[in-house]
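# Descriptive analysis of the structure
Given next are the chains, with one letter for each unit.
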Amino acid sequence: MTENVQHAGSLPDERPPITVVGPIAWVRNNLFNTWYNALLTISIIWLLYKIIPGLLSWLVINAHGFSAPVQECRADYSGACWSFVSEKLRFILFGTFPYDEQWRPLLTIMIFIGLLAASCDKRFWKPWFLAVWAGGLALVSALMWGGVLGLTYVENSLWGGLPLTIILSVVGLAVAFPMSILLALGRRSNLPGIKAVSVAYIELIRGVPLISLLFMASVMLPLFLPNGVTIDKLVRAQVAFILFAAAYMAEAIRGGLQAIPKGQYEAADGLGLGYWLKMRKIILPQALAIAIPPLVNTFISFFKDTSLVIIIGLYDLLGTAKAALTDPTWRGFYKEAYLFIGLIYWVFCFFMSKYSQWLEKDLNRARRR
Amino acid sequence: MATTTSAAAQRQTGTDAIIQCVGVHKWYGEFHVLKDINLSVRKGERIVVCGPSGSGKSTLIRCINRLEEHQRGQIIVDGIELTNNLKNIELVRREVGMVFQHFNLFPHLTVLENCTLAPIWVRRQPKAEAEATAMKYLERVQIASQANKFPGQLSGGQQQRVAIARSLCMSPKIMLFDEPTSALDPEMVKEVLDVMIGLAETGMTMLCVTHEMGFAKSVADRVIFMDRGEIVEQNTPDEFFTNPRSERTRLFLSQILSH
Amino acid sequence: MATTTSAAAQRQTGTDAIIQCVGVHKWYGEFHVLKDINLSVRKGERIVVCGPSGSGKSTLIRCINRLEEHQRGQIIVDGIELTNNLKNIELVRREVGMVFQHFNLFPHLTVLENCTLAPIWVRRQPKAEAEATAMKYLERVQIASQANKFPGQLSGGQQQRVAIARSLCMSPKIMLFDEPTSALDPEMVKEVLDVMIGLAETGMTMLCVTHEMGFAKSVADRVIFMDRGEIVEQNTPDEFFTNPRSERTRLFLSQILSH
Amino acid sequence: MRAVVFQVLIIGAVVLLGWWLVHNTLDNLARRSIATGFGFLEREASFGIGESMIDYHPRDSYGRAFLVGVLNTLKVSVIGIIVATVIGTLVGIARLSSNWLLAKLASLYVEVVRNVPPLLQLFVWYAVITESMPSVREAFNPLPGVFLSQRGIKIPVPESDPVWNWMIVALLVGVAAAIAMTRWARARQARTGQPFPVGLASLGLIFGMPLLTWLVGGAPTAMDVPRVQGFNFVGGATMSPEFFAILFGLSIYTAGFIAEVVRSGIVAVNWGQTEAARSLGLSSGNTLRLVVLPQALRVIVPPLTSQYLNLTKNSSLALAIGYPDLVSIANTTINQTGQSIEGVAMIMGTYLTISLGISLFMNWYNKRIALVER
Amino acid sequence: GQTLDAIKQKGFIQCGVNTGLAGFSNPDSSGNWTGLDVDVCRAVAVALFNDPAKVKFTPLSAQQRFPAIQSGEVDILSRNTTWTLTRDTSVGLNFAPVTYYDGQGFMVSKKLGVKSAKELNGATVCVQSGTTTELNLADYFRATNMQYNPVVIESVDEVNAAFFAGRCDVLTTDASGLAGTRAAVAPNPADYVILPEIISKEPLAPAVRHGDDQWYDLVTWTVYAMIDAEENGITSKNIDEFMNSKNPSIQRLLGVSPGMGKSLGVDEKWAYNVIKKVGNYGEVFDRNVGPNTALKLERGLNALWTKGGLQYAMPLR
Ligand SMILES: Nc1ncnc2c1ncn2[C@@H]1O[C@H](COP(=O)(O)OP(=O)(O)OP(=O)(O)O)[C@@H](O)[C@H]1O
Ligand SMILES: Nc1ncnc2c1ncn2[C@@H]1O[C@H](COP(=O)(O)OP(=O)(O)OP(=O)(O)O)[C@@H](O)[C@H]1O
Ligand SMILES: [Mg+2]
Ligand SMILES: [Mg+2]
């Protein structure tokens, strides 16, 4: 009789054994759950033990502080020379922008960061926010070029450092974006002429390294233009970036377009929406939402790739760091320089990549509604 | 009996025909989908198209608003011949509403926006007016309370009703339905059929591909039976169901009714 | 009545038990999922496990072929105790077929390849032999004609039948089913249940988590009711449905049958 | 009709733009009396190249110098793709490891490597390699005849002997035999059900055949062992620090992306697949090989292709750290001959060819493994 | 001429410099361009506009420099460029007087015990790409029938870093660069020696495009004026004392007796301004690369001809 009703009442929940919860269980389950994991854990700890002290001593313990004179650094190379960074900070960040006016690029950076941060919020994904961007860009041009509002004129050959990196990538992407939409639509068009031109463009550009495009822009562009016509170096780099970014973004958008079911096209056709109306109102809003994560990935790689303009002698962040290293007094501290700008690049890219991951999850959740 | 029908059909080819297909042929690559289709639909007529799967029903309907292109013959809709002329195609599409099997609502727009999009952008109506019209039709399909939801939040039957309302908002002269209930769960079929019957009662010209024989019986003026790309039989519903002329029709009906 | 059953249960704990759980406990982190499970299954017995959602039915079944690890107590399957010993686990798994709620067919292999994969690689059968066996079982589940299709081309009910055939191809001594019909459309449920009933008739030892009470009534030797990680009641189907002893069982049955 | 006009206009515009550029260029070239044509390729290059897979001397032609560059680029790309795939796969799997430390370390790797410009990473790797290696005189000698130093890795190579040629033939025969044996083993398994240790047997064949040939050929042991003479090692074969830096810099950078590709591919395979396979009694190795990987691959291959293309194109960064790749050599050529149009055209043409080749191959492969669905 | 008119019209000189070469052209911590090449451009700006700020600098890489001057992107190329026949002719440049006499040399680690470049057979050599150095190196080893193994890197700093890390046995570049590098970059300067052989002549001179002789003259004579000032002992500090000098050649130089400015088409006080605002050649040298800078270069070939060097100003008359 009793076996049938095995437990007349509900058994109490018991505490799990220590092999299931608690720090010991955690260590067992996460570090030593199999023999090879145990082996791995031990070798990793050994490796960290070997690397970290040396790194720490160079970075911190033996390092020379932010105000150490260069002679002190030269006397002892066993630690980092952080005074290099403090000495060259403004040059690395702003390049050859007139020293007394460097609050302007600083403000520019902050405006961009503010705009970018705001753009991350979906509540701002409204048409009027484009106007905010336009206003922001106008303000930034006024700040950087000057010549208005009592600001002295600063020509763009003097721009450099972080503002240049940001301007190249933001403006590049902003201009490339509409182009890439056209290219993506062109590639999926059923007009053979348009399709051929789009495919040829995308594949040609994607098939060659950006560096050779930049190289062409710097060395050969003068040959392509009518005699005597020259184009500003910044503009050339910017154009090369736009051409390149457009091809890559077009492919990301094409992925989004392909994900839109055929029924959406047919329904739009059935309502009598013309081609452009159909694209603008029905297809693109959906396709772009799908394409956002790969687009953000493209943004990240382009932000990093701005470092290639060094090839054509523009001082972006990497360029200013290298130029800072040519100061006779401060030659040789390239580890410190690279570490510093590497960190700046990393911070920007890391936030973008985290954001894209978050966005992807968020959009997927929204789509499953 | 048969003579009456053919006489009626004869009369329909007259000038008040709103859709006219003359010797229409269509190929998909090598495959001959539509073979010499002659069809004429009067204003206000309600036609049900049926036939086995793959017989070209969808293709025919889709040719009428040029979602597919035919290769031979003429299709004239509301006095406009369908050619490659983009302007004409857009004109025709404004007058022809289409309801798809899979609804094809725009998922990024609310129900109301789905309904006002085309009136605002194609008919250039003021937004307020378009919304008023939309609400009117949404009420007619008994879904006005959901106007601000997104399609993804509605059941299949509700979605299909929105799709019908969306077409109606363009005040089309003709409505085409391509198996509007076949993607729905059985319980939801009735909701949609009711709406369609209501629509039929207003005198709308309707061309409907469906296997809902109850619907055909109660509202159709004419039933068209297609097989292998041909129109095998056209008849009144009564005749069609009780006294089909062709052997094929009989076979088809026996299958569908036994189901 | 009750005494007979308990006597039967007593006998089952004897040596011919093919599955034996003794005082099994399991935790997910802090959460105590299985509490002191004692269960013994004879060869050829057909057991249905039911109970409210989250009561640990799946977990119990999954412990039996070690897809989950238990932390206390003993599980002995076909004479082999389940411990961390990988060899033993693989031996047990060969003898235990499992059918999942979501089929888990291998989408990159044809139906036939799905069925022959394990016999070839685990039982080392020659391909021709494995295929012959597979075709035999595919015929038994009435799907032999689909042998060369890919799972993606089949309906849910067909897929689940393939999944059953796939398990049978390993000639397991025990079959475990974890809600095999709950992901199916109503029409397809019957197809699968028919196959399972057929299987039960061959005398296969079966442990089946299901809410199909009709199935339980017609084939189960014993119904086990679980709640909050405990086995609350074990009984013959007749007793279980008509005269449940525990209050909880009664509540559960009232809900499920009213459904 | 409108569409036709539109297309004609667009193509017309493209052609016009092209004509305008060509016209300007010709005009400018004439105006500045700059020579054109590929005649310069036959002129003497008269600059040295640090490493080359074929014989090269400064008195060789520009054309040959360029070929050296192309081969060097191919070398980095091909080996880089292999290394990056291996590292990336390992890191991707490590991110999914149940070992917390390993998983965290792997994600740290990915986050760092993906978010720092590759050019910067190359500088760092080059500095690390050149600074951490001992000098020639103090070269690290882990195996007899193998030396690690600031000049790179030196390994002994056998002195020329006809047996070595025969061994290469034997190697090829071994590979062919291994392929044949794999076929046979598959047939045998189909027939009898008995699997055959194909992996081990193939290894045996591929290495055993040359070994046998070597023994039969009288086992010549004369090796060209690297030894210090003057400034450097002479003899043996070299892998230079530049090659290492570009190879590992690119591989490690690209591996960060590949790791994510692999991880997402594996995650995309439903856990139920693994459970189903395991509950059929398949071992974990067979589960991975027969069930998980074939499904993961179809998610992995398309993005993997882009990564391969990126790696190939990024190899053009080699000029920053002194590896004589095709861009580096073309740059020097352009500088000396002033024929920038031809030079850049050759650079772009070569990369385009390589890229299209990779794309074609990967697309073919992708099609082969595509899933059939309803 | 065309170029000079254009310069006068836009009001500044566009000067192409190196993207960064210590002592010759490099931006300082506040982003101002400094260096010997930079000062030459400033001097020309002073001669023309009497304002050292009326010059804009375009940093150019080795590949870019010739297209830049050819296409008119820059008006003057003051970028440590070696004066060669091909560059004078087929690239289409006119070289102003040499501002720095250099020659390509070798630096090696003391530990190797090498005394002469003749002993370098089999050495690994670090060299910067895209310059004449790369060719001279090949020529030298071919001429002496020795083997070498080049490591060709794009930027000077990377070349230097590689050498001091021990990647190469030999560092080759212009001797000026070698000395400077040893002084400033070497972890321990005493560990390195510069070999006595100079394997090439590297006269570094500012250059202008063919086609505007007036502009060329102005650049040429600005350089001569600076050298001439040093010959006469005139510096930016003491120049005002010389205004009363009775020496007619000084009077001509400083514009006290007019004529020189007019024939160049600039202000009569052009040379005065140059020396006052930029300095004479010696001052410029000392300020940028001289023994008191981090580069610690000796005058050597760049001493005045009167002191055993090669710097020799043509007579201003
Ligand atoms: N895009 C296409 N390319 C080639 N063949 C097509 C295409 N679309 C449809 N077909 C073929 O044309 C024939 C008619 O298709 P249609 O969709 O008109 O049939 P249907 O009568 O609507 O059938 P169902 O009841 O299954 O919807 C079918 O055999 C179909 O396979
Ligand atoms: N991997 C896991 N980690 C933590 N908790 C889990 C895990 N798997 C299951 N659980 C929890 O364990 C309990 C029992 O789960 P189980 O799947 O066995 O229930 P079930 O009886 O099969 O329910 P259902 O009828 O919903 O399938 C549930 O409360 C569930 O939330
Ligand atoms: Mg159809
Ligand atoms: Mg369950």
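Residues numbered from 1 in each chain as written. Chains lettered and ligands numbered in written order. Predicted model: local features only at pLDDT ≥ 70, side-chain atom pairs only at ≥ 80, totals over all residues. Heavy atoms only, no water.

## With respect to the overall build of chain B
On a plain count of helices and strands, chain B comes out with ten helices and ten strands. Computed over its C-alpha atoms, the radius of gyration of chain B comes to 18 Å, within 12% of the 18 Å expected for a compact globule of 259 residues. Projecting the C-alpha coordinates of chain B onto the three principal axes gives extents of approximately 50 × 45 × 35 Å. Counting every position in chain B, which comprises 259 residues, the buried fraction comes to 54%. Contacts in chain B between residues far apart in sequence, at least 24 positions, make up 66% of those at least 6 positions apart. (Helix = DSSP H or I, 4+ residues; strand = E, 2+ residues; numbered from the N terminus. Rg over C-alpha atoms; globule rule 2.2 N^0.38 Å. Buried < 20%, exposed > 50% of the residue type's maximum accessible area, 1.4 Å probe, protein only. Contact = heavy atoms within 4.5 Å.)

## Notes on the interface of chain A and chain E
Every contact between the two is made by 32 residues of chain A and, on the other side, 35 residues of chain E. Carbon and sulfur atoms supply 52% of the area that chain A and chain E bury against each other, a total of about 2,700 Å² over both sides. The largest per-residue losses of area from chain A upon contact with chain E belong to T326(A), P328(A) and R331(A), which jointly make up 23% of the total buried on that side. At the junction of chain A with chain E, the criterion picks out one salt bridge. Of the charged contacts in the structure, one is a salt bridge between R236(A) and E73(E), with a shortest N-O distance of 2.8 Å. The interface formed by chain A and chain E includes five residue pairs in polar contact (both at pLDDT 80 or more). Where the side of chain A that touches chain E is concerned, the elements lending two or more residues are α4 (82–94), α9 (210–224), α10 (233–258), α13 (317–324) and α14 (334–367) of chain A. Ranked by residue count, the leading element in the side of chain A that touches chain E is α9(A), at four residues. Tallied by class, the residues present in the side of chain A that touches chain E amount to 15 nonpolar, eight polar and nine charged. (Buried area = accessible area lost by both parts, 1.4 Å probe. Salt bridge = Lys/Arg side-chain N within 4 Å of Asp/Glu carboxyl O. Polar contact = N/O pair within 3.5 Å; in protein donor to acceptor, adjacent residues only side chain to side chain. Nonpolar A, V, L, I, M, F, W, Y, C, P; charged D, E, K, R; others polar.)

## A short note on the interface of chain A and chain D
Listed as interface residues are 54 residues of chain A and, on the opposing side, 50 residues of chain D. Where chain A meets chain D, there are one salt bridge. Linking chain A with chain D are nine residue pairs in polar contact (both at pLDDT 80 or more). Contributions of two or more residues to the side of chain A that touches chain D are made by α1 (22–30), α2 (35–61), α8 (192–207), α9, α12 (275–305), α13 and α14 of chain A. Residues belonging to the side of chain A that touches chain D are distributed by class as follows: 35 nonpolar, 13 polar and six charged.

## Things to note about the site of ligand 2
All names here are of chain C. Contacts to ligand 2 come from Y28, F31, V33, P52, S53, G54, S55, G56, K57, S58, T59 and E179. S53 places a polar side-chain atom, nitrogen or oxygen, 2.6 Å from an oxygen atom of ligand 2. With respect to ligand 2, the backbone of G56 contributes an N or O atom lying 3.0 Å from an oxygen atom. When ligand 2 sits alone it has 630 Å² of accessible area, and the protein chains cover 58% of it. Ranked by the residues each element gives to the shell around ligand 2, the list is headed by helix α2 (residues 57–64), at three residues. Here the shell around ligand 2 is built from residues that sort into four nonpolar, six polar and two charged. (Near = heavy atom within 4 Å. Areas by Shrake-Rupley, 256 points an atom, 1.4 Å probe, with all protein chains shown as cover.)

## Structural notes on the site of ligand 1
Residues and elements named next belong to chain B. With respect to spatial proximity, the complete set of residues near ligand 1 consists of Y28, F31, V33, P52, S53, G54, S55, G56, K57, S58, T59 and E179. The contact in question runs from an oxygen atom of ligand 1 to an N or O atom on the backbone of S55, over 3.1 Å. Between ligand 1 and the protein, one listed contact pairs an oxygen atom with a side-chain N or O atom of E179 at 3.1 Å. Residue assignment for the shell around ligand 1 shows that the elements contributing at least two residues are β2 (31–42) and α2 (57–64). Broken down by element, the shell around ligand 1 gets its largest block of residues, three residues, from α2.

## Here's the deal with the UniProt feature "transmembrane region" (unreviewed entry) in chain A
Residues and elements named next belong to chain A. UniProt feature "transmembrane region" (unreviewed entry): in the numbering of this structure it lies at residues 38–61, 103–121, 128–154, 166–186, 207–225, 237–257, 282–302 and 337–355. What you have in residues 103–121 is 89% helix and 0% strand, and the ends, taken at the C-alpha atoms, are 28 Å apart. Secondary structure content for residues 128–154 is 67% helix and 0% strand, while the C-alpha to C-alpha distance between its ends is 31 Å. (UniProt positions renumbered as here; feature names shortened; annotations may be inferred.)

## A closer look at helix α12 (residues 270–277) of chain E
A large share of α12(E) lies buried, amounting to six of its eight residues. Where α12(E) is buried, its residues meet α2 (36–49), α8 (213–231), α9 (239–242), α10 (248–253) and α11 (260–264) of chain E.

## What about the sheet that holds strand β1 (residues 17–28) of chain C?
Residues and elements named next belong to chain C. With antiparallel pairing, the four strands of this open sheet are ordered in space as β2-β1-β4-β5. At either margin of the open sheet sits one strand with a lone partner, and together these are β2 (31–42) and β5 (80–81). As judged from the five bridges shared by β1 and strand β4 (residues 72–77), these two strands associate in the antiparallel manner. From the neighbouring strand, H25 faces β4, where its bridge partner is R72. (Pairing = 2+ DSSP bridges.)

## Quick look at the packing of aromatic side chains
If you walk through the whole model with that rule in mind, you get 41 aromatic pairs over all chains. Both rings, one in F350(A) and one in F351(A), keep their centres 6.2 Å apart while their planes meet at 75 degrees; by these two values the pair is edge-to-face. Centroid distance F225(C) to F252(C): 5.0 Å. Interplanar angle 45 degrees. Geometry classified as tilted. Within this pair, whereas F225(C) is found in strand β9 (residues 222–227), its partner F252(C) is found in helix α10 (residues 247–258), the two being separated by 27 residues in sequence. For the residue pair F225(C) and F252(C), the accessibility class agrees, reading buried in each case. These aromatic residues form a ring-pair network of at least three members: F241(A), F244(A), Y248(A) and F302(A). The side chain of R166(B) reaches across the aromatic face of F106(B), ending 4.5 Å from its centre. The ring of W121(C) carries R289(D) above its face, with NZ or CZ at 4.8 Å from the centroid. (Phe/Tyr/Trp six-rings, centres within 6.5 Å; stacked < 30°, edge-to-face > 60°. Lys NZ or Arg CZ within 6 Å of the ring centre and 35° of its normal.)

## Some points on the nonpolar core
Counting 277 residues, the largest nonpolar core has W215(E) and L254(E) as the members making the most contacts within it. Not counting residues within four places of it along the chain, the set of residues in contact with L254(E) comprises I234(E), I239(E), F242(E), M243(E), E268(E), K269(E), Y272(E) and I275(E). Counting residues in hydrophobic clusters, the runner-up holds 48 residues, among them I143(C), V162(C), A163(C) and F240(C). (Core = buried A, V, L, I, M, F, W, Y, C linked by side-chain atoms within 4.5 Å.)

## Some points on the arrangement of the chains
By contact count, the leading pair among the seven pairs of chains in contact is chains A and D. Separated in space, chain B and chain C share no contact, their closest pair of C-alpha atoms being 11 Å apart. Taking C-alpha atoms as the reference, chain C and chain E come no closer than 50 Å and do not contact one another.

## Regarding the environment of V198(D)
All names here are of chain D. For V198, the position within the fold is in helix α6 (residues 198–216). The partly exposed category is assigned to V198, whose relative accessible area is 23%. Spatially, the C-alpha atom of V198 lies 6.1 Å from that of T182, the residues being 16 residues apart in sequence. In contact with V198, not counting residues within four places along its chain, are M181, T182 and A185.

## Quick look at the pairing of strand β2 (residues 146–149) of chain D
Residues and elements named next belong to chain D. In β2, alternate side chains face the same way, and those of V146 and L148 on one face and F147 and S149 on the other are all buried. With two bridges joining them, strand β1 (residues 140–143) and β2 adopt antiparallel strand pairing. Paired with L143 across the strands is V146, a residue of β2. The hairpin turn running from β1 into β2, its antiparallel successor, is two residues long, and G145 in that turn takes a positive phi close to 85 degrees. Relative to strand β3 (residues 152–155), β2 runs antiparallel, the two being bridged by three bridges. Among the inter-strand pairings, S149 is bridged to a residue of β3, identified as G152. Where β2 folds back onto β3 in an antiparallel hairpin, the turn is made up of two residues.

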